[in-house]
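# Structure assessment
The chain contents come next:
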Amino acid sequence: DYQASASMEILHHGASVGVPLQSGSADGPRNPLDYLGGQTILTSIELVLSSAETRAELEAAGFSPDYTVTVDDEDPLMLVEVSDRDSVIAQATVDELIIRVQAELDALQAQVQAPEGELFEIEVTDRSSPP
């Protein structure tokens, strides 16, 4: 089996990599999701991506269902790891999971009507591809 992975963090739009999202300030958040903090937001996304329904969708689309999505206990970081007999499918599945993480974040922000200028984004901080 080939292994592919990526780690991601959640940032305020335009923030520097390595400056992860923290809970809202005393002034109050401008994006309502700011109250939750990055770990809580990522954990909700983790639950969606780890569901049997999402795995079935990915497998039906030709991606690998053999993946894990985890959120760091201390920092708002997410790691996706994929295993597959085909290196191209392993990497394509990582790429698709990254897209889905951002899509889930965008959907959450749309639900709370986050202001356009205060949106959060997912930044890939590390990626490993099979040889």
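Everything that follows concerns the structure shown earlier in this document.
First, a word on what this report is: a plain description of the structure on this page. Everything quoted here is computed from the prediction, not taken from an experiment.

Another aspect to go through is the packing of aromatic side chains. Given two aromatic rings, one states the distance between the centres and the angle between the planes to describe the pair. The tally for this structure, following the rule as stated, stands at zero aromatic pairs. Arg-55 extends its terminal NZ or CZ atom over the ring of Tyr-67, reaching a point 4.1 Å from the ring centre.

With that out of the way, let us pick up the packing of helix α2 (residues 52–60) against helix α3 (residues 87–111). One way to put it is that α2 packs onto α3 with a least axis distance of 12 Å and a crossing angle of 135°. Viewed along their axes, α2 and α3 adopt a mutual orientation that is oblique. Considering only the axes of α2 and α3, their crossing is right-handed. Along the contact surface, α2 presents Thr-54, Glu-57 and Leu-58, while α3 presents Glu-96, Leu-97 and Arg-100. Split by residue class, the contact of α2 with α3 holds two nonpolar, one polar and three charged.

This part is about the pattern of salt bridges. Enumeration according to the criterion identifies three salt bridges in this entry. With its nearest N and O atoms 3.0 Å apart, the salt bridge here joins Glu-57 to Arg-100. Of this pair, Glu-57 sits in helix α2 while Arg-100 sits in helix α3, and the two are 43 residues apart along the sequence. With its nearest N and O atoms 3.1 Å apart, the salt bridge here joins Arg-127 to Asp-95. Of this pair, Arg-127 sits in strand β4 (residues 120–128) while Asp-95 sits in helix α3, and the two are 32 residues apart along the sequence. Given the relative accessible area of 41%, Arg-127 is considered partly exposed. Accessibility expressed as a relative area gives 28% for Asp-95, which makes it partly exposed. Three or more residues are tied together by salt bridges with common partners; here these are Glu-57, Glu-96 and Arg-100.

Taken together, the side chains of Asp-72, Asp-73, Glu-74 and Asp-75 make up a negatively charged region of the molecular surface. Taking relative accessible area as the criterion, Asp-73 reaches 73% and is therefore assigned exposed.

The next subject is α3. Under the 1.5 Å per step criterion, the end-to-end length of α3 is 36 Å for 25 residues, consistent within 8% with the ideal 36 Å. Where α3 starts, the residue carrying a side-chain oxygen 2.8 Å from the main-chain nitrogen of Val-88 turns out to be Asp-86. Looking one or two residues beyond α3, the residue adopting positive phi is Gln-113, at roughly 55°.

The end-to-end C-alpha separation of helix α1 (residues 38–49) is 16 Å, in line with the 16 Å expected for 12 residues at 1.5 Å each. The complete set of buried residues in α1 reads Gly-38, Ile-41, Leu-42, Ile-45, Glu-46 and Leu-49. One side of α1 holds all its buried residues, which, seen down the axis, span an arc of 140°.

General note: in soluble globular proteins, nonpolar side chains tend to be found buried as a group. Core analysis: the biggest nonpolar cluster contains 24 residues, and Ile-45 and Met-78 have the highest contact counts within it. Broken down by secondary-structure element, the contributors of at least two residues to this core are β1 (2–12), α1, β2 (67–71), β3 (77–84), α3 and β4. A per-element tally of this core places α3 first, with six residues. Residue contacts for Ile-45: discarding those within four places in its chain leaves Met-78, Val-101, Glu-104, Leu-105 and Leu-108.

Criteria and thresholds
- Residues numbered from 1 in each chain as written.
- Predicted model: local features only at pLDDT ≥ 70, side-chain atom pairs only at ≥ 80, totals over all residues.
- Heavy atoms only, no water.
- Phe/Tyr/Trp six-rings, centres within 6.5 Å; stacked < 30°, edge-to-face > 60°.
- Lys NZ or Arg CZ within 6 Å of the ring centre and 35° of its normal.
- Axes fitted to C-alpha atoms, helices over the stretch in contact; angles between N-to-C directions.
- Helix = DSSP H or I, 4+ residues; strand = E, 2+ residues; numbered from the N terminus.
- Parallel < 35°, antiparallel > 145°, perpendicular 65-115°, else oblique.
- Left-handed = near helix turned anticlockwise from the far one by under 90°.
- Contact = heavy atoms within 4.5 Å.
- Nonpolar A, V, L, I, M, F, W, Y, C, P; charged D, E, K, R; others polar.
- Salt bridge = Lys/Arg side-chain N within 4 Å of Asp/Glu carboxyl O.
- Buried < 20%, exposed > 50% of the residue type's maximum accessible area, 1.4 Å probe, protein only.
- Patch = residues over 30% accessible without salt bridge, like charges linked within 9 Å, V, L, I, M, F, W, Y side chains within 5 Å.
- Areas by Shrake-Rupley, 256 points an atom, 1.4 Å probe, with all protein chains shown as cover.
- Lys, Arg positive; Asp, Glu negative; His and termini not counted.
- Charge placed at Lys NZ, Arg CZ, Asp CG, Glu CD.
- Expected span 1.5 Å × (residues − 1).
- Polar contact = N/O pair within 3.5 Å; in protein donor to acceptor, adjacent residues only side chain to side chain.
- Arc of directions from axis to C-beta.
- Core = buried A, V, L, I, M, F, W, Y, C linked by side-chain atoms within 4.5 Å.

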